Amino acid sequence: PVTDARQHAHNELLEGILTHIDKNICDPLTVGEICQKFSMSRSSLQILFNENLNQTPKKYISELKLEKSRQMICEGKLTISEIALMLGFNSIHYFSRAFTQKYNMSPSEYAKTLFKN
């Protein structure tokens, strides 16, 4: 059985990892880099994420990047290409496809719903 102290340590570790990912979302984050920074194996990181968030670290980072892109589109300061590049998407096409899969509309369609004047 998992003790309260152990669960607390897991929660603190997860919180630290999530904070790190959030602060560095515009940097090229890799699972390997996160493992190195928090001195843990890939499998331990996978288990921590799966048990607490029901998703892999890579999926979590990807989801967070898409959410951040939505916020950046709302701000209206950058072009969609600049946002995709800033968040580390390899191509505008990949970014657009991922955004469309998550939000059922392309980034440009989303921007149009915000700024239709």
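Residues numbered from 1 in each chain as written. Predicted model: local features only at pLDDT ≥ 70, side-chain atom pairs only at ≥ 80, totals over all residues. Heavy atoms only, no water.

Draft legend 1. Spatial organisation of the layout of surface pockets. Taken as a whole, the largest pocket encloses approximately 360 Å³ of empty space. Per element, the largest residue contribution to the lining of the largest pocket is 5 residues, and it comes from helix α4 (residues 57–75). Here the residues of the lining of the largest pocket are counted per class, giving 6 nonpolar, 4 polar and 3 charged. For the second largest pocket, the calculated volume is near 160 Å³. Considering the residues around the second largest pocket, the lining is formed by K59, S62, E63, L66, Y94, R97, A98, Q101 and K102. Elements represented by at least two residues in the lining of the second largest pocket include exactly α4 and α6 (92–103). At 5 residues, α6 tops the list of elements feeding residues into the lining of the second largest pocket. (1 Å grid on protein atoms, 1.4 Å probe; cavity = no way out; pocket = protein on both sides within 12 Å on 5 of 7 lines; lining within 4 Å. Points joined across faces, edges and corners; volume = space filled by probe spheres on them. Helix = DSSP H or I, 4+ residues; strand = E, 2+ residues; numbered from the N terminus. Nonpolar A, V, L, I, M, F, W, Y, C, P; charged D, E, K, R; others polar.)

Draft legend 2. Representation of the packing of α4 against α6. Relative orientation of the contacting elements α4 and α6 amounts to 90°, with a least axis distance of 10 Å. Taken as axis vectors, α4 and α6 run roughly perpendicular relative to one another. Note on element contacts: α6 touches α4 through F95, A98, F99, K102 and Y103, opposite E63, L66, E67, S69, R70 and I73. (Axes fitted to C-alpha atoms, helices over the stretch in contact; angles between N-to-C directions. Parallel < 35°, antiparallel > 145°, perpendicular 65-115°, else oblique. Contact = heavy atoms within 4.5 Å.)

Draft legend 3. Broad picture of α4. Between its terminal C-alpha atoms α4 stretches 27 Å, which fits the 27 Å expected from 19 residues at 1.5 Å a residue. Where α4 is concerned, the buried positions are P57, Y60, I61, L64, K65, L66, S69, M72 and I73. Count one or two residues on from α4 and you reach G76, which has phi positive near 70°. (Expected span 1.5 Å × (residues − 1). Buried < 20%, exposed > 50% of the residue type's maximum accessible area, 1.4 Å probe, protein only.)

Draft legend 4. Focus on unusual backbone geometry. A positive phi is found at S39, a non-glycine position, where the angle reads about 50°. Checked against the element boundaries, S39 lands in the loop between α2 (31–37) and α3 (42–53). Under the relative-accessibility criterion, S39 is labelled exposed at 67%. Phi at N54 takes a positive value of approximately 55°, unusual for a residue other than glycine. Relative to the helices and strands, N54 is located in the loop between α3 and α4. Overall, N54 belongs to the exposed group, its relative accessible area being 67%.

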